[in-house]
Amino acid sequence: GTRDARTFNAWKEVGRIPKKGSHSFQIVAPLFKTEKDNATDEEKRVLSGFTLINEFRIEDTEGKELPYQTRMKELKTEELPLIDVAQKLGIKVKADLCGMAEGSFSPFERVIRMNCTDKQVFLHELSHGIIAEIKRKEKITLEYGFEEICAELSSAFLGSLYGVDVDLQQTKAYIHGWAGKGHVAWKVIEAVEWVEKVYQFIENVKKNNSQKEEKAMRKTTKIAAKQPNVLPFKTEDFKDRTQ
């Protein structure tokens with residue numbers, strides 16, 4: 001039930017302590033020892049067993065606010081670009097800890113977690129959400145690393161399109177980091193096609209919303225036209241007024 005748990009001493013090091021009456025829980029942690037490798041004559045760490053460690057949830061501690069807590073307080077989800085598209089897809093967006101990452105998308109929970117206020121990061125995670133929806137509808141799969149490339153290219157494209165400051169050097173470094181990992185294929189044309197799919201998906205969502213609003217407006221106008229022109233008072237009530 002938490003995304004951040006540490007030992008008593010670890011919390012103390014960052015200026016927090018467990019609240020009075022709070023309880024710890026135990027996790028299994030590995031134990032290592034150092035041995036000399038007979039073949040290379042070098043020392044190496046090897047697993048020697050396991051032990052139980054008591055940890056406390058951040059929700060059960062008090063004290064100094066952590067840097068990521070401060071960042072998450074600054075996140076205003078309603079100001080994120082294309083937040084209406086996320087809402088249309090039923091994807092919740094919230095400030096939360098994402099481990100070492102600045103953002104994450106869970107297709108099972110349908111949740112985007114943000115550990116920063118960077119709008120380009122949000123567009124990256126939203127692209128993952130849209131790609132997941134396209135994959136579901138078209139019954140296809142994408143290699144994990146290749147999907148990361150598609151999401152990052154999409155975030156750069158969408159950011160440029162919708163007025164977000166895009167850090168192209170960051171995009172380049174991110175994509176370069178996936179090059180050569182596992183079975184990542186440098187299928188640039190296919191990646192660009194996926195960027196187009198993400199864009200077309202967003203445009204279709206916006207078009208459908210616009211059509212529904214227009215239909216609702218026509219219906220409201222039609223109903224209003226049928227109503228008799230009746231004043232909410234009798235004119236006789238005001239015949240002696242002089243203002």
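Before reading on, note that the structure itself is shown above.
Computed from a predicted model, the values in this text were never measured in an experiment.

A. Layout of the sheet that holds strand β7 (residues 103-106). Read across the open sheet, the three strands follow the order β6-β8-β7; overall the sheet is mixed. The strands lining the two open edges of the sheet, one partner per strand, are β6 (92-95) and β7. With direction set aside, neighbouring strand axes in the sheet form an average angle of 15°. Here β6 runs beside strand β8 (residues 111-114); their pairing, made up of four bridges, is parallel. Looking at the pairing, V93 lines up with I112 of β8.

B. Geometry of the sheet that holds strand β4 (residues 43-57). Across the sheet, three strands lie side by side as β1-β4-β3; this open sheet has antiparallel pairing. One side of each edge strand has no neighbouring strand; the edge strands of this open sheet are β1 (5-6) and β3 (25-36). Relative to β4, β3 runs antiparallel, the two sharing 12 bridges. Its bridge partner lying in β4, K33 is registered against V46.

Calculation notes
- Residues numbered from 1 in each chain as written.
- Predicted model: local features only at pLDDT ≥ 70, side-chain atom pairs only at ≥ 80, totals over all residues.
- Heavy atoms only, no water.
- Pairing = 2+ DSSP bridges.
- Helix = DSSP H or I, 4+ residues; strand = E, 2+ residues; numbered from the N terminus.
- Axes fitted to C-alpha atoms, helices over the stretch in contact; angles between N-to-C directions.

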